[in-house]
Amino acid sequence: MKFKICIILTIVFVMFNWNYKSFAKYIFKYEETIFELDIDRTLPKAEVIQITNTNAGYENYANKSHEILITIKVFDNHQLINNLKDFEIFVNTKESDCTKETKILEKTENYIIYQLKLTNILEEGELFIKIPENSFEDNSKNKMEECLLKTGIFIDNTAPVVNYSQTIKSNGKVVANLISNEEVRNLDGWLLDDTRKIHSKEFISDVSYHRNIIDLAGNISNVNIDVKDATYLGLEIKAHMSSSAWQTTESNIIGRMEKGNYKYKFESLLFRTGENVAKDYLQVSGYVHSHWGEGSTAIASQFKVPYYYGYNPISGYKTMENTELVNYNGKEYIHLGGEGINYQGNTDINGNHPIPVEIARQYKYGISGIKLDLKEHSENAIIYQIFFDDTGWLETCKNGEMAMRSETEPIEAMRVAVIPNSELEFVLREWNEDIGTYNFD
């Protein structure tokens, strides 16, 4: 009996473990969904979608004067719940106390778009927007973690430190260098090196003036450009003042020997340039007011050359090429006006109308107008400004404009400079700030 039972169990076991084939024509499969389970573990997120900065052209930099608009989108796959108290502004690791305005631009069930307007950021460093922890959550109670958003903007409120230096080339030109302690914006007409810290420019003649250097964030430093000992142009100007010896230019200025003494006026002027430029490069014209009146001619007492009442020359310009030059201390000069024009007893070229003693003492005569120009202006310009002791400096003239207050009032001082065209605007502006003043610095 036991043997039969064992055989039966063995047969049953084999039947349950035997691979078999079904030869049924159809197989039916039936599934039924009991329930669905949606598990949400995604936290709300935020991103910067737009930044604008009023520091045009240098939008990755800003200072306290700029307005920065930052558009931020906070979003989630499910309903977004807003618990935000405020955005926090950080510069590096320090929270900024800047002026901040926040407004919502758009809002739906799943996202909110904010706009931040930031001004008056006084700190320095990289700008970040911080969203505090738990500021947003979704309807699954997933709460946002603390979020630090980069803006890519560097805040800088410190003006660059700029130093001036110069080197003199073998040909007499001066290379002016403006050396900054940080990257700065390019000055038009200057060469900026690869570090964006060193500007350089060549000058053919001396001049002193100021220019603004601006860093990438818009901070401004004012630097004195003081070009000295440039000999390439070889410009020399000498003036014979009333009853005095010849003077020469000093720091571009000539004349005004004694403050408050109206007798010192330009009787005659000498001009010359060096061998590096064409003889007709400098062009000179003047208006001479004399005792003998319109149509008259007289002779300069020292150089014995004629000068005319009115324009000298009568038309056009004098140059070192087209006019009779005078020799002074072994050098040749263009001569304008006439030394001795106020001497007692001096006459016109025909010996007529000697100057009375009472007239001579008034020093009424001399060069009352000056007009200077260059043969060409492709690289440089010439500027000049005249002075009267009773009114100070007049408006600066340039490139052939006539500098004159009145045909009958001789000039008492003058300054002249030949400068690169790129610097013309800045030197003109600075010299014109002296209009009506007695600044000889």
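Heads up: the structure comes first, above all this text.
Read on for an overview of the structure. (Residues numbered from 1 in each chain as written. Predicted model: local features only at pLDDT ≥ 70, side-chain atom pairs only at ≥ 80, totals over all residues. Heavy atoms only, no water.)

The next thing to look at is the pattern of salt bridges. Following the criterion strictly, the structure yields 16 salt bridges and no others. Among the salt bridges present, the one from Glu202 reaches Lys169, with a minimum N-O distance of 2.5 Å. One end of the pair, Glu202, is in strand 15 (residues 198–203); the other, Lys169, is in the loop between strand 12 (162–168) and strand 13 (174–180), and 33 residues separate them in sequence. For Glu202, a relative accessible area of 34% corresponds to the partly exposed category. Asp390 is the salt-bridge partner of Arg405, the closest N and O atoms lying 3.1 Å from each other. With a gap of 15 residues between them, Arg405 in the loop between strand 32 (403–404) and strand 33 (413–420) and Asp390 in the loop between strand 29 (380–388) and strand 30 (392–393) connect regions that are remote in the sequence. With a relative accessible area of 28%, Arg405 lands in the partly exposed category. (Salt bridge = Lys/Arg side-chain N within 4 Å of Asp/Glu carboxyl O. Helix = DSSP H or I, 4+ residues; strand = E, 2+ residues; numbered from the N terminus. Buried < 20%, exposed > 50% of the residue type's maximum accessible area, 1.4 Å probe, protein only.)

A word on the sheet that holds strand 1 (residues 45–53). Reading across the sheet, the four strands line up as 1-3-8-7 and stay open at both edges, with antiparallel pairing between neighbours. Two strands in the sheet have a free side with no partner beyond their single neighbour: strand 1 and strand 7 (99–107). Here the average twist between neighbouring strands, direction ignored, is 20°. In terms of strand pairing, strand 7 meets strand 8 (residues 111–119) through eight bridges, oriented antiparallel. Looking at the pairing, Glu106 lines up with Ile113 of strand 8. (Pairing = 2+ DSSP bridges. Axes fitted to C-alpha atoms, helices over the stretch in contact; angles between N-to-C directions.)

Another aspect to go through is the pairing of strand 12. Note: strand 12 against strand 13, seven bridges, orientation antiparallel. Across the sheet, Ser165 pairs through a bridge with Asn177, a residue of strand 13.

The nonpolar side chains of a soluble globular protein tend to be buried, and buried together. In this structure, Phe266, Leu269, Phe271 and Ile370 are the most contacted members of the largest nonpolar core, which totals 50 residues. The residues contacting Ile370, other than those within four sequence positions of it, are Leu269, Phe271, Ser285, Gly286, Leu336, Tyr384, Ile386, Glu401, Met402, Ala403, Ile411 and Met414. Membership of the second largest hydrophobic core comes to 26 residues, among which are Phe87, Ile89, Leu116 and Ile129. (Core = buried A, V, L, I, M, F, W, Y, C linked by side-chain atoms within 4.5 Å. Contact = heavy atoms within 4.5 Å.)

In this structure, Pro313 follows Asn312 across a cis peptide bond, with omega equal to 0°. Secondary-structure assignment places Pro313 in the loop between strand 25 (310–312) and strand 26 (326–328). Not every positive phi belongs to a glycine, and Ser251 is a case in point at roughly 55°. Within the secondary structure, Ser251 sits in the loop between strand 19 (246–248) and strand 20 (253–255). One non-glycine residue, Tyr363, adopts positive backbone phi at about 50°. Its location among the elements puts Tyr363 in the loop between helix 2 (357–360) and strand 28 (366–374).

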